[in-house]
Amino acid sequence: MVPQIAHVRRRRHDAPDAWTLELEMAGGARFHYAPGQFNMLTAFGVGEAAISVSGDPADGPLIHTIRAVGPVSKALTQLGPGDPIGVRGPFGVGWPMAQAEGRDVVVVAGGLGVAPLRPALYSLLGARDRFGKVTLLFGARRPEEIVFRREVEHWRGRLDMDVEVTVDHATGDWHGNVGVVTNLLSRLDIDPAKTLAMVCGPEVMMRFVSMALVDKGVGEEAIYLSMERNMKCAIGQCGHCQLGPTFICRDGPVFTYARLKPLLAIKEL
Ligand SMILES: Cc1cc2nc3c(=O)[nH]c(=O)nc-3n(C[C@H](O)[C@H](O)[C@H](O)COP(=O)(O)OP(=O)(O)OC[C@H]3O[C@@H](n4cnc5c(N)ncnc54)[C@H](O)[C@@H]3O)c2cc1C
Ligand code: FES
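Scoring rules and cut-offs
- Residues numbered from 1 in each chain as written.
- Chains lettered and ligands numbered in written order.
- Predicted model: local features only at pLDDT ≥ 70, side-chain atom pairs only at ≥ 80, totals over all residues.
- Heavy atoms only, no water.
- Near = heavy atom within 4 Å.
- Polar contact = N/O pair within 3.5 Å; in protein donor to acceptor, adjacent residues only side chain to side chain.
- Areas by Shrake-Rupley, 256 points an atom, 1.4 Å probe, with all protein chains shown as cover.
- Helix = DSSP H or I, 4+ residues; strand = E, 2+ residues; numbered from the N terminus.
- Nonpolar A, V, L, I, M, F, W, Y, C, P; charged D, E, K, R; others polar.
- Pairing = 2+ DSSP bridges.
- Contact = heavy atoms within 4.5 Å.
- Axes fitted to C-alpha atoms, helices over the stretch in contact; angles between N-to-C directions.
- Buried < 20%, exposed > 50% of the residue type's maximum accessible area, 1.4 Å probe, protein only.

1. As for the site of ligand 1
1) Next: Ligand 1 sits among 18 residues. The nearest are A50, S52, T65, R67 and S73.
2) Next: One nitrogen or oxygen atom from the main chain of V72 is found 3.1 Å from an oxygen atom belonging to ligand 1.
3) Next: Considered on its own, ligand 1 offers 900 Å² of accessible surface; in the complex 64% of this is hidden by protein.
4) Next: When residues of the shell around ligand 1 are traced back to their parent elements, those giving at least two are strand 4 (47-52), strand 5 (62-67) and helix 1 (71-77).
5) Next: Examining the composition of the shell around ligand 1, we find that four residues originate from one element, strand 4, more than from any other.
6) Next: Its residues placed into classes, the shell around ligand 1 shows 11 nonpolar, four polar and three charged.

Dropping the structure here:
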C-alpha cells in the first residue's frame, strides 16, 4: 500500500485534455509490468487515481497518459520535470499476450483507450513473428484527440500491420475516415476462428465493438475488454471497484466479453 517515489522526467501534451508523463523511479530502478496493468498514481496533497501504464514493457521509462477530469488527474497532468509522484503497483490482470500467440490480433481503441493498449501493441510488434495478422482500429472524437498521433502514423506506414483511423467529427484538414469505429470493423476481412480481439474505450463503444465482432463470428471468449471503475485500494479489499461479483482491480481490468456480457447489459451497474 506504500507508494514508491518517482520523478517526472518529461511531460508531453497529447490531446486537448490529456498529457503523457515519463517517470523515473527513485534510484533509477526499472519498473516491470505486463501490458494492460495499471498503477495507482499519487499527486501529493491531492490523492490517488488508477492510471494504466502506456509505455513499452520491454524498454524505456515508466509512461502514463492521463486525461484531466477531476482533482487528482488535473494535479497529475500539471506536474513538470523534476516533480515527485507516488507510484503504487503494478496491479491487475492485463492483456492475454500468451493466448494471442499464433493468432490474428485485432486491437480496437476508442479515444484514450489506446493508452492501456499501447504496451500490448509494443509487445505484438516487438515479437512480430509470434503473431498472425495485426490490425489496429482507432477511433477518436475529433482529429486533435488522436493521442500518440505520430506513432499511429508510423505504425500505419509499416508493412506488417494494418492501421485504420476514424473520427466522429472531421475538423480542420482531416481527409480520413469519418464515423464510429464499428464502421471500420464492418469492412474488416478476418478469419474469426483465428482472431483474438483486444478492445478499450468508452463502455458503450466496447459493447458495440464486441457485438460487431461476435456478428463476424469471433468467439466471446476471444474478445478481451479493459474496464474502468472508481478505485481506492486496488488490491481487492475495499469493494469500490466491484462490478457484480467481480473486482475490477483484482480480477481485471481485462476480462473476456463472455464474462462481462451479462454485466454490461445491466443499466448503470
Ligand atoms: C484500471 C483503470 C485504468 C485507468 N487508466 C487511465 C488512464 O490510463 N488514463 C486516464 O486518464 N484515466 C485512467 N483511468 C481513469 C481514472 O482513474 C479516473 O478518471 C479517476 O477517477 C480520476 O480521478 P480524479 O480525482 O481526477 O477524478 P474524479 O474525482 O474521480 O472524477 C471527476 C469527475 O470526472 C468523471 N470521470 C471520472 N473518470 C472519468 C473518465 N475516465 N472519463 C470521463 N469522466 C470521468 C467523474 O464521473 C467525475 O464527475 C483508469 C481507471 C481505471 C480503473
Ligand atoms: S479498488 Fe478496492 S477492491 Fe478494488
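2. Considering the sheet that holds strand 15 (residues 254-256)
1) Next: Taken in spatial order, the seven strands make up an open sheet running 10-9-8-7-11-12-15, and their pairing is mixed. The two strands at the open ends of the sheet, each matched to only one other strand, are strand 10 (177-178) and strand 15.
2) Next: Relative to strand 10, strand 9 (residues 162-167) runs parallel, the two sharing two bridges. Following the sheet pairing, V167 is matched in strand 10 by V178.
3) Next: Running over the sheet, helix 3 (residues 114-126) touches strand 7 (104-110), strand 8 (134-140) and strand 11 (195-200) and is turned about 155° from strand 7.
4) Next: Strands strand 7, strand 11 and strand 12 (223-226) of the sheet are contacted by helix 6 (residues 203-215), whose axis makes an angle of about 165° with strand 11.

3. Quick word on the environment of V147
1) Next: Of note, V147 is situated in the loop between strand 8 and helix 4 (149-156).
2) Next: With relative accessibility at 2%, the residue V147 sits in the buried group.
3) Next: In this structure the C-alpha to C-alpha distance between V147 and H13, which are 134 residues apart in sequence, comes to 9.2 Å.
4) Next: Contact partners of V147, with chain neighbours within four places excluded, come to D14, A15, G111, L112, V114, F138 and V152.

4. Focus: the sheet that holds strand 4
1) Next: One open sheet accounts for six strands, arranged 4-3-6-1-2-5; its pairing is antiparallel. The sheet is open, and its two edges are formed by strand 4 and strand 5, each paired on a single side. Mean inter-strand twist for the sheet, computed between neighbouring axes without regard to direction, equals 40°.
2) Next: By the bridge criterion, six bridges tie strand 2 (residues 18-25) to strand 5 in an arrangement that is antiparallel. Each residue of the ladder has a partner; that of A18, found in strand 5, is R67.

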